[in-house]
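Residue strings, one per chain:
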Amino acid sequence: MKRVAVFTSGGDAPGMNACIRAVVRGGLHYGLEMFGIIRGYNGMIKGDIIPLNSQSVSNIVQRGGTILKSARSKEFMTPEGRKKGYDQLKAHGIDGLIAIGGNGTFTGAEIFFNEFQIPTVGAPGTIDNDLYGTDYTIGYDTAVNTALDAIDKIRDTADSHDRIFFIEVMGRDSGYIAVQSGISGGAESILIPEERQTIDDVVSVLKAGFDRKKSSSIVVVAEGDEEGHAAEVAEKIKATIDVPVDIRVTNLGHIQRGGSPTAYDRILSSRLGLGALEGLLNGQKNVMAGIVNDELIYTPFHDTITKKKVINSDLLRMASILR
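None of these values were measured; they are calculated from a predicted model. (Residues numbered from 1 in each chain as written. Predicted model: local features only at pLDDT ≥ 70, side-chain atom pairs only at ≥ 80, totals over all residues. Heavy atoms only, no water.)

**As for the sheet that holds strand S10 (residues 287–292)**
Next, step 1: Within the open sheet, the 7 strands sit side by side as S3-S2-S1-S4-S5-S10-S11. Their pairing is mixed. Each end of this open sheet is capped by a strand with a single partner; those strands are strand S3 (49–52) and strand S11 (295–300). Averaged over all neighbouring strand pairs, the angle between strand axes comes to 30°, with direction disregarded.
Next, step 2: Taken together, the 4 bridges between strand S2 (residues 33–37) and S3 define a ladder with antiparallel strand orientation. Bridge pairing links methionine 34 to leucine 52 in S3. (Pairing = 2+ DSSP bridges. Helix = DSSP H or I, 4+ residues; strand = E, 2+ residues; numbered from the N terminus. Axes fitted to C-alpha atoms, helices over the stretch in contact; angles between N-to-C directions.)

As structure tokens, then:
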């Protein structure tokens with residue numbers, strides 16, 4: 001293997017640049033020629049592939065986003081699009097790939113490997129922390145801390161005005177951000193896709209607070225909760241609760257994807273990037289590099305995509321007790 005290309009795909013996550021840096025400098029250390037694919041699978045199809053050297057990844061470890069850009073590619077979902085991508089890789093002499101992304105990225109990578117057999121190793125880059133095969137994903141720690149910072153600030157104004165705030169955090173299929181930011185932010189209730197909580201359950205918690213003369217509350221809602229988005233949940237609460245309350249809704253949105261990565265995310269990203277590169281050189285293919293119990297492991301893309309990563313039940317138990 002002489003030429004390796006790295007790309008980022010799907011939603012951006014703080015730490016992706018640190019991962020790119022580790023892949024590139026690791027490859028240069030082992031005598032490889034390193035390349036970057038701009039805008040993920042779209043760039044692969046278009047041949048937007050550039051050489052990378054040590055200077056290319058200098059001074060990026062602290063930056064959010066991704067210097068290689070990211071995009072979703074409908075064309076890559078077609079056999080014709082994937083063939084174009086393969087032809088471009090061959091034209092550039094690419095022998096192996098490092099894919100940084102999430103579920104959609106690895107779904108595409110598995111199909112691409114099965115069709116064209118180009119060795120590919122993934123690094124899990126998604127703030128949702130929903131990938132099986134790693135305890136934590138790139139960007140998750142930063143996203144939780146961003147959400148927590150917002151919750152702390154909203155708590156101040158909630159307390160000042162005796163309000164109930166419903167705060168929506170990202171997590172279409174996963175409640176990891178909601179659980180950890182909710183527990184650390186002292187939320188009275190946390191709604192996530194993995195655990196069924198009814199509107200009546202939330203009302204019961206809020207009423208118990210009123211009985212204790214509690215004048216303000218925070219409810220954290222993962223965007224994928226079965227009761228709906230935070231605004232929908234708030235409307236249902238208004239229609240159900242039988243005491244006068246001042247309810248407000250805040251959707252943190254894409255602020256959770258941005259910003260400088262935490263120290264933890266920079267180290268995790270570097271371990272995963274170098275681990276993915278070294279795995280590729282050692283014959284790993286069609287797998288994702290992950291960290292489980294502080295050990296580097298490789299999980300087949302198929303398992304990463306299809307197996308459900310469950311939230312620690314003790315966290316849910318603790319959240320229920322501490323609220």
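**A few points about a nonpolar patch on the surface**
Next, step 1: A grouping of Met1, Tyr30, Leu274 and Leu281 is seen on the molecular surface, where their side chains present a nonpolar patch of about 330 Å² in accessible area.
Next, step 2: Residue placement: leucine 274 occurs in helix H9 (residues 263–281).
Next, step 3: Leucine 274 gets classed as partly exposed once you look at its relative accessible area, which sits at 32%. (Patch = residues over 30% accessible without salt bridge, like charges linked within 9 Å, V, L, I, M, F, W, Y side chains within 5 Å. Areas by Shrake-Rupley, 256 points an atom, 1.4 Å probe, with all protein chains shown as cover. Salt bridge = Lys/Arg side-chain N within 4 Å of Asp/Glu carboxyl O. Buried < 20%, exposed > 50% of the residue type's maximum accessible area, 1.4 Å probe, protein only.)

**Observations regarding the pairing of strand S1 (residues 3–8)**
Next, step 1: Burial analysis of S1 places 5 of its 6 residues in the buried class, the great majority of the element.
Next, step 2: Pairing analysis gives 4 bridges linking S1 to S2, with the strands arranged parallel. For arginine 3, the partnering residue across the bridge sits in S2 and is glutamate 33.
Next, step 3: You can see the chain leave S1, run along helix H1 (residues 16–29) and come back into S2, and the turn it takes is right-handed. (Right-handed = clockwise from strand over helix to strand, strands pointing away.)

**So, the packing of aromatic side chains**
Next, step 1: Under the counting rule described, the total for this entry stands at 9 aromatic pairs.
Next, step 2: Ring centres of phenylalanine 106 and phenylalanine 301 lie 5.0 Å apart, and the angle between their planes is 20°; this geometry places the pair in the stacked category. A residue pair is termed long-range when its members are at least 10 positions apart, and phenylalanine 106 in helix H4 (residues 103–116) and phenylalanine 301 in helix H10 (residues 301–306) qualify at 195 residues.
Next, step 3: Given a relative accessible area of 0%, phenylalanine 301 falls into the buried group.
Next, step 4: Aromatic rings pair up to connect Phe7, Tyr41, Phe76, Tyr86, Phe112 and Phe116 into one cluster. (Phe/Tyr/Trp six-rings, centres within 6.5 Å; stacked < 30°, edge-to-face > 60°.)

By themselves these figures say nothing about function.
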